[in-house]
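Below, each chain spelled out in residue letters.
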Amino acid sequence: MEGIYAFCVGMLTACGIFLTLRGRTFSVVLGLTMLSYSVNLFLFASGRLSINSAVILGESEIYADPLPQALVLTAIVIGFAMTAFVMILAMRARADLGNDHVDGKDSDEIAASMTLNKRGESN
């Protein structure tokens, strides 16, 4: 069970990093969201998942650690606020620049500038 859980956290992290490194803003937002999900799962797993554990001290000999649960709850709220902020920035950049590329340049503009740079270097 722990292996499957670790694989899922690793896969979410890998997909999040891949999407964050893409050139479009929507991919970056999805990547950041997946990274926050993977961090939440990692924090939750750090509390040692246990079955039939009491939440209140004194009810059982084995009790659940409330700290990872509090950290995950805080991380969910912060992740939601961060996602909303990045979405607003992406919408504003789209309105101002006319495209949704992270650097503000269209792929045709990048190819044209690279061609001009190559011609200028050869002369």
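Everything discussed here concerns the structure shown above.
All values derive from a computational prediction rather than experimental measurement. (Residues numbered from 1 in each chain as written. Predicted model: local features only at pLDDT ≥ 70, side-chain atom pairs only at ≥ 80, totals over all residues. Heavy atoms only, no water.)

A.B. asks: Got a minute to help me understand the overall build of the chain in this structure?
C.D. replies: Within the chain, the secondary structure is distributed over four helices and zero strands. In the chain, the succession of α and β elements from N to C terminus is α-α-α-α. Classification of the 123 residues of the chain by burial places 19% in the buried group. Looking at the chain alone, contacts between residues at least 24 apart form 51% of all its contacts between residues at least 6 apart. Element-wise, carbon and sulfur atoms account for 68% of the exposed surface of the chain, whose accessible area totals about 9400 Å². (Helix = DSSP H or I, 4+ residues; strand = E, 2+ residues; numbered from the N terminus. Buried < 20%, exposed > 50% of the residue type's maximum accessible area, 1.4 Å probe, protein only. Contact = heavy atoms within 4.5 Å. Areas by Shrake-Rupley, 256 points an atom, 1.4 Å probe, with all protein chains shown as cover.)

A.B. asks: Even after reading the chapter, I still don't get a nonpolar patch on the surface, so can you show me in this structure?
C.D. replies: A contiguous nonpolar patch, built from Met87, Ile88 and Met91 and spanning about 290 Å² of accessible area, is present on the exposed surface. Along the chain, Ile88 turns up in helix H3 (residues 66-97). (Patch = residues over 30% accessible without salt bridge, like charges linked within 9 Å, V, L, I, M, F, W, Y side chains within 5 Å. Salt bridge = Lys/Arg side-chain N within 4 Å of Asp/Glu carboxyl O.)

A.B. asks: Explain the side chain of Ser38 here, please?
C.D. replies: The residue Ser38 is located in helix H2 (residues 25-45) in this model. There is a polar contact of 2.7 Å between the side chain of Ser38 and the backbone oxygen of Leu35. Setting aside its immediate chain neighbours within four residues, Ser38 contacts Val9, Leu12 and Thr13. (Polar contact = N/O pair within 3.5 Å; in protein donor to acceptor, adjacent residues only side chain to side chain.)

A.B. asks: Just to check I follow, could you spell out H3 for this structure?
C.D. replies: Residues that lie three or four places apart on an α-helix share one face, since the helix turns once every 3.6 residues. Under the 1.5 Å per step criterion, the end-to-end length of H3 is 46 Å for 32 residues, consistent within 8% with the ideal 46 Å. Where H3 is concerned, the buried positions are Pro68, Val72, Gly79, Val86 and Ala90. As for H3, its buried residues are in contact with H2. (Expected span 1.5 Å × (residues − 1).)

A.B. asks: Would you take a moment to explain the packing of H2 against H3 for this structure?
C.D. replies: The description of two packed helices rests on the angle between their axes and on the distance between the axes. Where H2 contacts H3, the axes come no closer than 9 Å and their chain directions differ by 175°. As the angle between them shows, H2 and H3 are arranged roughly antiparallel. Within the contact between the two elements, H2 uses Thr25, Val29, Leu32, Thr33, Asn40, Leu43 and Phe44 and H3 uses Pro68, Gln69, Leu71, Val72, Ala75, Ile76, Met82, Thr83, Val86, Met87 and Ala90. For the contact of H2 with H3, the per-class residue count stands at 13 nonpolar, five polar and no charged. (Axes fitted to C-alpha atoms, helices over the stretch in contact; angles between N-to-C directions. Parallel < 35°, antiparallel > 145°, perpendicular 65-115°, else oblique. Nonpolar A, V, L, I, M, F, W, Y, C, P; charged D, E, K, R; others polar.)

It is worth stressing that arrangement in space is one thing and function is another; only the former is reported here.
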